[in-house]
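# Geometric and topological summary
Below, each chain spelled out in residue letters.
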Amino acid sequence: MTRIWVEKISRDVYVLRIDDSRTRFFESLWSIPEGITYNAYLLASPKYTVLFDGWKAWYSEDFLETISTIIEPRSIDYIVIHHMEPDHTGSLPRILGVSREATVLGHPMSKTMLKEFYGLEPRFKPVRNGETFSLEGLTLRFIHAPWLHWPETMMTLLEEEGILFTGDAFGGYSIPSSLFDDDESLVEWYMRYARKYLATVIGHYRQHVVKAVEKLSSMDVKPRILAPAHGLIWRRSPETIVSKYVSWAKAEPQPGKITVVYGSAYGSTETMVKLAVKILGKAGCSVVTYKYTDLEEGSLSDLLGDALDSAALVIGASTYEAGILPSIRRMVEELAWKTAAPKPVLVLSSYGWGGVAGKKIAEILGKAGFNVVEVVEARGMPSDEEADRIMDAAGRLAEACGEKA
Ligand code: FEO
């Protein structure tokens, strides 16, 4: 059953969270068996009501009913949109159909998108970066944070209560068993889903995470609570998720962590990969493996999260139809698009009659900015000389993760 949470997070602000375990592929792309939450927020002060974002269209009626448990929806004065992606705006046509007097506050681009996406032309007040909006005793301050991950992304600081509504930024996948970051073990469990969220959704634009954090600092924004549109609310330690987001955005490596991804049609490439993994294991590296074989299908979405903070990568793929084995081709392309960093990569490939995949993988990853340290291609099973090259290269990779083979 879909769970809905309504709870005060400060004197005047409620979180309205719905747990979505129905969506299997976020953005119709990213596999999320762990689910996702949509967090909207409602400021219900004695003088004004302000809604911050919404839920996915599937949950429009639930959203309206949930708002009704706190206030009369018709009385909403303002609706703040932090970006227009429909996981947060899909329910707004229903809300604006009831809250006809509400004024939407948002980036100037959001006005056009409301018309183009939903045919909506509500009262709209465009807000500039740094602009403040007074609500008789409460102040909203808007901060444009472009490309996190849409061009019109912004955040809102409720100054008097020290709450920063951050939209997607500092959010994560999964359905945490609490609204807040109070429990350290829950935070530890959650982090892989936050990292996966950043890699898959924001990954291509991740340098803008760093810019946004610098901008918040330069604007002297020091929130007491970070209130993202997905996942945990940060009130015990907001700096934890900010520093993690910055670290992931910079693709900073965890010493010793190596991610291995491979696809092997009939086991030859797998044999090559296992030679490398044996060397890495002996050297004390922590190896995370994603594989496509006749028994298993690795998760691209999880892979991207793990690749982001790895010290090095091993990629293995058979040559298939004069190209890269298709399952791995997509992984390589997404690794290049979302997680590129000057990290060492070892490329291993087996072929039947013509070696192609290894060279193509090296070309894609090299162009993206990875440091391809070695490409070993073998016709069928690796020869003794090829096996030596693999083990030698794996030894150099182990050095990159802080250990020696
Ligand atoms: Fe959670 Fe970019 O929407």
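This report concerns the structure included in the present document. No experiment lies behind these values; they were computed from the predicted model shown. (Residues numbered from 1 in each chain as written. Predicted model: local features only at pLDDT ≥ 70, side-chain atom pairs only at ≥ 80, totals over all residues. Heavy atoms only, no water.)

All told, the structure shown has one cavity of 30 Å³ or more when counted by the stated rule. Here the largest cavity is characterised by a volume of approximately 30 Å³. As for the largest cavity, its lining consists of R192, Y193, R195, K196, D302 and D306. A per-element tally of the lining of the largest cavity places helix α5 (residues 184-202) first, with four residues. Looking at the lining of the largest cavity, its residues break down into one nonpolar, no polar and five charged. (1 Å grid on protein atoms, 1.4 Å probe; cavity = no way out; pocket = protein on both sides within 12 Å on 5 of 7 lines; lining within 4 Å. Points joined across faces, edges and corners; volume = space filled by probe spheres on them. Helix = DSSP H or I, 4+ residues; strand = E, 2+ residues; numbered from the N terminus. Nonpolar A, V, L, I, M, F, W, Y, C, P; charged D, E, K, R; others polar.)

With that out of the way, let us pick up the pattern of salt bridges. All told, the structure shown has 25 salt bridges when counted by the stated rule. Between E184 and R236 there is a salt bridge, with its nearest N and O atoms 3.9 Å apart. Here R236 lies in the loop between β14 (225-228) and α7 (238-249) and E184 lies in helix α5, a separation of 52 residues in the sequence. Taking the relative accessible area as the measure of exposure, E184 reaches 60% and is therefore exposed. For R236, a relative accessible area of 38% gives the class partly exposed. A salt bridge links D302 to K196, with the nearest nitrogen and oxygen atoms 2.8 Å apart. Of this pair, D302 sits in helix α9 (residues 300-308) while K196 is found in helix α5, placing the two residues 106 residues apart along the sequence. (Salt bridge = Lys/Arg side-chain N within 4 Å of Asp/Glu carboxyl O. Buried < 20%, exposed > 50% of the residue type's maximum accessible area, 1.4 Å probe, protein only.)

Each aromatic ring pair is described using two quantities: the centre-to-centre distance and the angle formed by the ring planes. Under the definition given, this model contains 17 aromatic pairs. Each member of the aromatic cluster is reached from another via a ring pair, and the members are F26, Y173 and Y197. We note K56 situated over the ring of W58; from NZ or CZ to the ring centre the distance is 3.8 Å. Across the ring face of F180, the terminal group of R235 is positioned such that the distance to the ring centre comes to 3.6 Å. (Phe/Tyr/Trp six-rings, centres within 6.5 Å; stacked < 30°, edge-to-face > 60°. Lys NZ or Arg CZ within 6 Å of the ring centre and 35° of its normal.)

Quick look at the environment of L16 now. Tracing the backbone shows L16 in strand β2 (residues 13-20). Judged by relative accessible area, L16 falls into the buried class, the value being 0%. It is 20 Å that separates the C-alpha atoms of L16 and L186, two residues lying 170 residues apart in sequence. If near-sequence neighbours (up to four positions away) are discounted, L16 is found in contact with W5, V6, Y38, N39, A40, L42, L51, W55, F63, T66, I67 and I70. (Contact = heavy atoms within 4.5 Å.)

Bringing the sheet that holds strand β13 (residues 163-167) into the picture now. With respect to topology, five strands assemble into an open sheet ordered β10-β11-β12-β13-β14, the strand pairing being mixed. Every interior strand has two partners, whereas the edge strands, β10 (132-134) and β14, have only one. Averaged over all pairs of adjacent strands, the angle between strand axes in this sheet comes to 20°, irrespective of strand direction. When β13 meets β14, the two strands line up parallel, connected through four bridges. The partner of L164 across the bridge, within β14, is L226. (Pairing = 2+ DSSP bridges. Axes fitted to C-alpha atoms, helices over the stretch in contact; angles between N-to-C directions.)

Moving on, we get to helix α6 (residues 207-218). Given a rise of 1.5 Å per residue, twelve residues ought to cover 16 Å, and the 17 Å separating the end C-alpha atoms of α6 matches this to within 8%. Taken as a whole, α6 has its buried residues at H208, V209, V210, A212, V213 and L216. Summarising the contacts, the buried residues of α6 are in contact with β11 (139-144), β12 (154-158), β13, α5 and α7. Downstream of α6 by one or two residues, D220 has phi in the positive range, about 60°. (Expected span 1.5 Å × (residues − 1).)

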